[in-house]
Amino acid sequence: MDVSEFNYELPEELIAQDPLEDRSASRLLVLHRESGEREHRHFRDILEYLRKGDCLVINDTKVIPARLIGAKEGTGAKIEVLLLTRKEDNIWETLVKPGKKCRIGTVISFGDGLLRGKVVGQTEDGNRFIQFFYEGIFEEILDQLGQMPLPPYIRHQLKDKNRYQTVYAEHEGSAAAPTAGLHFTKELLEEIRSAGVDIVHVTLHVGLGTFRPVKEKDILKHHMHSEYYIVTQEAADRINLAKAAGGRIICVGTTSCRTLESAADEHGILHAKSDWTNIFIYPGYRFKILDCLITNFHLPESTLVMLVSALAGREQILAAYEEAVRERYRFFSFGDAMFIC
């Protein structure tokens, strides 16, 4: 399967640079898989497409302000550090720029020494392991010094960090937001609950690999990044119960989808589990749990376009994307949404 089969033309001006003031005011393209029918609505209309007995699955991960700007001790050279994965003993796997200035042993100072980091190792692909030294609580220092790690196609920092968090963000650990969830307000979620839809939390900590392009011409040679997920026993029981009763399992975002599909067995039963997943979903994949998906519009030739193509068919997805371009939808993290049902 050739990566070029998942390409589409996107004018740069359609890449949303800022979130809307009202989260639920985004547009919503509803794609009915069986008929191919497409509807143009607003996100707050999602309630009309949900039924009593359905189960809405949301990813309650919280983005940490993982982008740090520091200075190399001894030379004062500017170093940018992006926190990727927390290890033990205050060590993080990080992405550093410029890498050539960060050999093992390099010490970097952040916030005039409020936080210091020493490069203690390196991965095969050039990421650095940095051990941090500080007084107090790391998360509080990070909140003071760090910036939100926005995707590379967003060209400025946010005025309000919370607009890159879902309203239900709870468990810190992500380097990127599960952006389909950004459209929900607390009020809309309460309306959905009142309509008899069960809302279940799972956790998947989103890594920056979500923005990594597929560089292999043959997508089957692509190596997926790993992300840590948690499905509690309560979540598994409620999702299994809803499915057994004939309710639809509706995932909010590809991260929720990947979590459920990783924790399910071949019989379509979801299990309580916490583990790392590098599941790669592309056309030909048979979904074990998911019935419908709420998602944003994804980058051309990305693994996420491949995932939604596995659900609705490549040709149908590309036709919907082309229509969204014609209708001037907003794309990517702060853009509009699709409901694939």
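Parameters at a glance
- Residues numbered from 1 in each chain as written.
- Predicted model: local features only at pLDDT ≥ 70, side-chain atom pairs only at ≥ 80, totals over all residues.
- Heavy atoms only, no water.
- Disulfide = S-S within 2.5 Å.
- Buried < 20%, exposed > 50% of the residue type's maximum accessible area, 1.4 Å probe, protein only.
- Helix = DSSP H or I, 4+ residues; strand = E, 2+ residues; numbered from the N terminus.
- Contact = heavy atoms within 4.5 Å.
- Pairing = 2+ DSSP bridges.
- Axes fitted to C-alpha atoms, helices over the stretch in contact; angles between N-to-C directions.
- Arc of directions from axis to C-beta.
- Salt bridge = Lys/Arg side-chain N within 4 Å of Asp/Glu carboxyl O.
- 1 Å grid on protein atoms, 1.4 Å probe; cavity = no way out; pocket = protein on both sides within 12 Å on 5 of 7 lines; lining within 4 Å.
- Points joined across faces, edges and corners; volume = space filled by probe spheres on them.

J.: Could you clarify how one ought to interpret the state of the cysteines in this entry?
T.: A disulfide bridge is the covalent bond that connects two cysteines by way of their sulfur atoms. Following the criterion strictly, the structure yields zero disulfides and no others. C251 takes part in no disulfide bond, and the closest cysteine sulfur to it belongs to C257, at a distance of 5.4 Å. Taking the relative accessible area as the measure of exposure, C251 reaches 0% and is therefore buried.

J.: How should I be thinking about the environment of I104 in this particular structure?
T.: Along the polypeptide, I104 turns up in the loop between β7 (91-97) and β8 (107-110). Considering only alpha carbons, one finds I104 and K118, 14 residues apart in sequence, at a separation of 7.9 Å. Excluding residues that lie within four positions of it along the chain, I104 makes contacts with V119, V120 and G121.

J.: I would appreciate a short explanation of the sheet that holds β7 in the present structure.
T.: Read once around its circumference, the closed barrel built from six strands follows the order β5-β6-β7-β10-β9-β8, with strand pairing classed as antiparallel. Direction aside, the axes of adjacent strands within the sheet are offset by 45° on average. Both β8 and strand β9 (residues 115-122) contribute to a ladder of four bridges, which runs antiparallel. For F110, the partnering residue across the bridge sits in β9 and is L115. Contacting β5 (67-72), β6 (78-86), β7, β8, β9 and β10 (128-134), helix α1 (residues 138-145) crosses the sheet at an angle of about 140° to β6.

J.: Which parts of the structure should I look at to understand the sheet that holds strand β3 (residues 55-59)?
T.: Strand pairing within a sheet occurs via backbone hydrogen bonds; the two strands may be parallel or antiparallel. Here nine strands make up an open sheet; going across it, the order is β2-β1-β17-β16-β14-β3-β12-β13-β15 and the pairing mixed. Looking at which strands have only one partner, the edges of the open sheet turn out to be β2 (38-42) and β15 (273-277). Direction aside, neighbouring strands of the sheet carry axes that sit 25° apart on average. As paired strands, strand β13 (residues 227-231) and β15 are joined by five bridges and run antiparallel to one another. Looking at the pairing, E227 lines up with T277 of β15. Here helix α5 (residues 303-312) sits on the sheet in contact with β1 (27-31), β16 (292-296) and β17 (337-340), set at roughly 150° to β16.

J.: Even after reading the chapter, I still don't get the environment of I108, so can you show me in this structure?
T.: For I108, the position within the fold is in strand β8. In contact with I108, not counting residues within four places along its chain, are G70, A71, K72, I79, V81, C102, L115, R116, G117 and I130.

J.: Would you mind showing me how to read the pairing of strand β14 (residues 249-252) here?
T.: It is a general feature of regular strands that their side chains alternate between the two faces of the sheet. Residues I249 and C251 line one face of β14 and the alternating positions I250 and V252 line the opposite face, and both faces are buried. Bridge count for β3 against β14 is three bridges, and the pairing is parallel. Of the residues in β14, the one forming a bridge with C55 is I249. Here three bridges tie β14 to β16, and the two strands are oriented parallel to one another. Residue pairing for β16: C251 is matched across the bridge by L293.

J.: Before we go on, may I ask you to explain α1 in this structure?
T.: Working note: α-helix, 3.6 residues per turn, so residues spaced by three or four point in the same direction. Listed in full, the buried residues belonging to α1 are F138, I141 and L142. All buried residues of α1 project into a common sector of 100° when viewed along the axis, lining one side. Residues of α1 that are exposed and point more than 90 degrees away from the buried face comprise E140 and Q144. Elements in contact with the buried residues of α1: β5, β6, β7, β9 and β10.

J.: Before we go on, may I ask you to explain the pattern of salt bridges in this structure?
T.: In a structure, side chains of opposite charge can pair up when their charged atoms sit close to one another. Using the criterion set out here, one finds 17 salt bridges in the structure. With its nearest N and O atoms 3.4 Å apart, the salt bridge here joins R328 to E13. Of this pair, R328 sits in the loop between α6 (314-326) and β17 while E13 sits in the segment before β1; the two residues are 315 residues apart in sequence, bridging distant segments of the chain. Between R258 and E227 there is a salt bridge; the shortest N-O distance is 2.4 Å. Here the residue R258 occupies a position in helix α4 (residues 253-263), and E227 occupies one in strand β13, the gap between them amounting to 31 residues. Both residues of the pair, R258 and E227, belong to the buried class.

J.: I would appreciate a short explanation of the layout of surface pockets in the present structure.
T.: The probe, sized like a water molecule, is rolled over the atoms to show the empty space still left. Estimated volume of the largest pocket: approximately 1,300 Å³. In terms of lining, the largest pocket is formed by 43 residues, of which the most central are L84, N127, G207, L208 and G209. Of the residues forming the lining of the largest pocket, the biggest block, five residues, is contributed by β6.

J.: Help me understand unusual backbone geometry, please; the structure alone is not making it clear to me.
T.: Residues apart from glycine generally show negative phi values, whereas peptide bonds are mostly found in trans. The peptide bond linking K97 to P98 adopts the cis configuration, its omega dihedral lying at -10°. Along the polypeptide, P98 turns up in the loop between β7 and β8. A positive phi angle, close to 55°, is found at D112, a residue other than glycine. Tracing the backbone shows D112 in the loop between β8 and β9. Since its relative accessible area comes to 86%, D112 is described here as exposed.

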